[in-house]
Amino acid sequence: IDDFFKNIVSHAKEYGFVFPSSEIYDGLSAVYDYGQLGAELKNNLKTYWWKSMVQLNENIVGIDAAIFMHPNTWKASGHVDGFSDPMIDNKDSKKRYRADQLIEEKIDRYEKDGKSDKAAELQEALDAALNADDLAQLKALIEEHNIVCPVSGTKNWTDVRQFNLMFATQMGAMADGAEQVYLRPETAQGIFVNFLNVQKTGRMKIPFGIAQIGKAFRNEVIARQFIIRMREFEQMEMQFFVRPGTEMEWYQKWKETRLKWHLALGADSEKYRYHDHAKLAHYANAAVDIEYDFPFGFKEVEGIHSRTDFDLSQHQKFSGKKMQYFDPEVNQNYVPYVIETSIGLDRLFLTIFANSLVNEDLSTEAKQDSRVVLKFHPAIAPVKAAVLPLTKKDGLPDKAREILATLKMDFNTQYDEKDAIGKRYRRQDAIGTPYCITVDYQTLEDDTVTIRHRDSMEQERVAIADLQRLIQDNVSW
Ligand code: ATP
């Protein structure tokens, strides 16, 4: 399992999908850069989400709010006071950990050792301590259960303290006139503060949604989970505003719609599950995660939350502006209720990557053979087609470039003439290109080429004139 995960990380790097940030300086912890193919894949995933939210729903519109927001936004939202994790430091290794995660790991260990009674007991104690925000109790659990620092191996712990996850910086040139602002820890608030603007200018009628894709920042303390948990990441969030009392219906609808959306990308349905939140945030009256079965276990990819009127009411209180909607159908003014769908683009990226990466054994009796393939859904594949002249001479490259020119306005394509054709096919398999178009001597005579299908490796002879339509039919949404 670990090997499979290592394989994902190294394949992502080797083929230009994901690099550690500022790698020449040995990287920056929990920050990553997307390379030439990663950026394409990410864009395709964004497009898939945006189209299915904004383009396919008459009553959902998209915005692009700024990362910086008025500091009062985060007081109203509760992030200044409440967006924190309970941290504990080991005095010997000087390493900082999330107290609840250290305890979770101990619970896992009890389970693995067959001590399920102990595991259940500790889980219950942990939930109780978290619910009561009882930091002293968290520390007591760590001591009682002899939890040691994974680095130093000692139990020399500090007290447990709350650590706010927001990154703060100064706005304004002069220190004395400077005001503390935050990098947004979620994109949702940019939607809530624009509720009135969008509703009025877009003449939106409830129920309606506002969608947004953008960066979010969290000073996460644990690292080493590749792009599962990053300090700078991207969210795709949609807030759906509904009449109070109808929220459970909409919650159910979005819960089902969102899972279908994931499944349409081609993963097995057993790889996904719902996980209902046992502990609800103070503002939520229902919440569920969609989890994916990663090589290291099920992890949240998307959350669907019924957030009541909490956010709009808080902004009403802090801004003094009426965050209300006049509903002509019931002839009433009210603060709308909200169903949120919130997905991490980077986690989705990893889901797709883990699900698509296949090591195929192609051995026959005559010889051993294998290939590495990224079996992306053609619609999200970073490169749609590669045009390959069989040889570097006799005008085949010119003909290949001519074909390339007819395709590249519509699709992201590659041209490759280096190495034997079999090797070139393997290179395209490894980056998930669904179609390889090979130009050979027959092409010069009859304007046909072979098109090779990534998954079946089958080849068929087609007219150049049909290529555009053939690819289009298979890579469109
Ligand atoms: P977790 O419990 O895993 O920390 P969360 O419950 O804090 O996640 P939300 O605040 O609900 O996450 O954020 C919505 C989505 O944003 C998550 O489902 C996840 O896909 C993504 N996300 C949250 N934090 C990170 C992060 N540090 N790095 C990458 N993606 C993240």
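Residue numbers run consecutively from 1 along every chain, following the written order of its sequence. With pLDDT at 70 or above as the cut-off, local features in this predicted model cover only qualifying residues; side-chain atom pairs require 80 or more to be listed or tallied, and sums for whole chains, interfaces and linings still use all residues.

### Some points on the site of the ligand
Quick note on the threshold: Defining nearness, a residue is near a molecule or strand when the C-beta atom obtained from its backbone falls within 6 Å of it. We count a stretch as a helix when DSSP gives it H or I for four or more residues in a row; a strand needs E for two or more, and each element gets its number in order from the N terminus.
Around the ligand lies a shell of 16 residues, among which Met230, Phe233, Gly303, Ser342 and Gly344 are the nearest. Sorting the residues of the shell around the ligand by element identifies strand S10 (232–242), strand S13 (297–308), strand S16 (337–344) and helix H12 (345–356) as the ones contributing at least two each. Take the shell around the ligand: its biggest share by element is four residues, from S13.

### Looking at the environment of Tyr182
Just so we agree on the cut-off: Residue burial is a threshold on neighbouring C-beta atoms within 10 Å of the residue's own C-beta, all placed from the backbone, with 20 or more meaning buried, 12 or fewer meaning exposed, and counts in between meaning partly exposed. We call two residues in contact when the distance between their C-beta atoms, placed using the backbone, is within 7 Å.
As for its position among the elements, Tyr182 is in strand S8 (residues 179–182). The class for Tyr182 is buried, based on 20 C-beta atoms found within 10 Å. C-alpha of Tyr182 to C-alpha of Ile67: the two residues are 115 residues apart in sequence and 8.5 Å apart in space. Setting aside residues no more than four positions away along its own chain, Tyr182 makes contact with Pro71, Trp74, Met166, Phe167 and Ala168.

### Remarks on helix H16 (residues 464–475)
For clarity, the cut-off: Between the first and last residue of a helix there are one fewer steps than residues, each counted as 1.5 Å, and that sum is the expected span. Note that the arc is defined by the directions from the helix axis to the C-beta atoms.
For H16, spanning 12 residues, the distance from its first C-alpha to its last is 17 Å, which sits close to the expected 16 Å at 1.5 Å a residue. Of all the positions in H16, only Leu467, Ile471 and Val475 are classed as buried. Within H16, the buried residues cover an arc of 25° as seen down the axis, which keeps them to one side. Summarising the geometry of H16, the exposed residues directed more than 90 degrees from the buried face are Ala465, Asp466, Arg469 and Asp473. Packing partners of the buried residues in H16 comprise strand S19 (385–389), helix H13 (396–407), strand S21 (435–439) and strand S23 (459–463).

### Focus: the environment of Ala136
In this fold, Ala136 is placed in helix H7 (residues 135–144). Each C-alpha atom, one on Ala136 and one on Asp159, is 7.4 Å from the other, the two residues being 23 residues apart in sequence.

### Focus: the nonpolar core
As a reminder of what qualifies: Structurally, a nonpolar core is described as a collection of buried Ala, Val, Leu, Ile, Met, Phe, Trp, Tyr and Cys residues joined by way of C-beta atoms within 7 Å. An automatic or database domain assignment supplies the start and end points of every domain.
Formed by 81 residues in total, the largest nonpolar core has its most connected members in Phe240, Phe349, Val387, Ile437 and Val439. Here this core spans two domains, since at least three of its residues come from each of domain 1 (2–69 + 189–354) and domain 3 (383–475). With residues up to four places along the chain from it excluded, the contact list for Val439 reads Val387, Leu388, Pro389, Leu390, Leu396, Lys399, Ala400, Ile403 and Val449. One finds Ile103, Leu141, Ile142 and Trp157 within the second-largest nonpolar core, a separate group that totals 13 residues.

### Some remarks on the environment of Ile191
Along the chain, Ile191 falls in helix H8 (residues 188–192). On a C-alpha basis, the gap between Ile191 and Ala211 in space is 7.6 Å, while along the polypeptide they are 20 residues apart. Each residue touching Ile191, except ones within four places of it in the same chain, is listed here: Ile63, Ile210, Gln212, Glu237 and Gln239.

### Observations concerning the domain arrangement of the chain
By a widespread convention, an interface's size corresponds to the accessible area lost as its parts come together. Domain annotation for the chain reports domain 1 (2–69 + 189–354), domain 2 (87–164) and domain 3 (383–475). For domain 1 and domain 2, the distance between their C-alpha centroids amounts to 30 Å.

### As for the packing of helix H5 (residues 99–112) against H7
Stated precisely, the cut-off is as follows: Between N-to-C directions, angles cover 0 to 180 degrees, with each direction set by a line fitted to C-alpha atoms, over the stretch in contact for helices. It is the rotation of the near helix from the far one that decides the hand of a crossing: anticlockwise by less than a right angle makes it left-handed, clockwise makes it right-handed.
Contact pair H5 / H7: the axes reach a minimum separation of 10 Å and the direction vectors enclose 35°. Crossing angle aside, the handedness with which H5 passes H7 is left-handed. In contact with Ala99, Asp100, Leu102 and Ile103 of H5, H7 contributes Leu138, Leu141 and Ile142.

### Digging into the confidence of the model for the chain
Filter applied, for reference: Think of pLDDT as the predictor's per-residue confidence, scored from 0 to 100.
The share of residues in the chain with pLDDT of 70 or more is 98%, and the mean pLDDT across the chain is 94. Two numbers describe this predicted complex: its pTM, 0.91, and its ipTM, 0.97.

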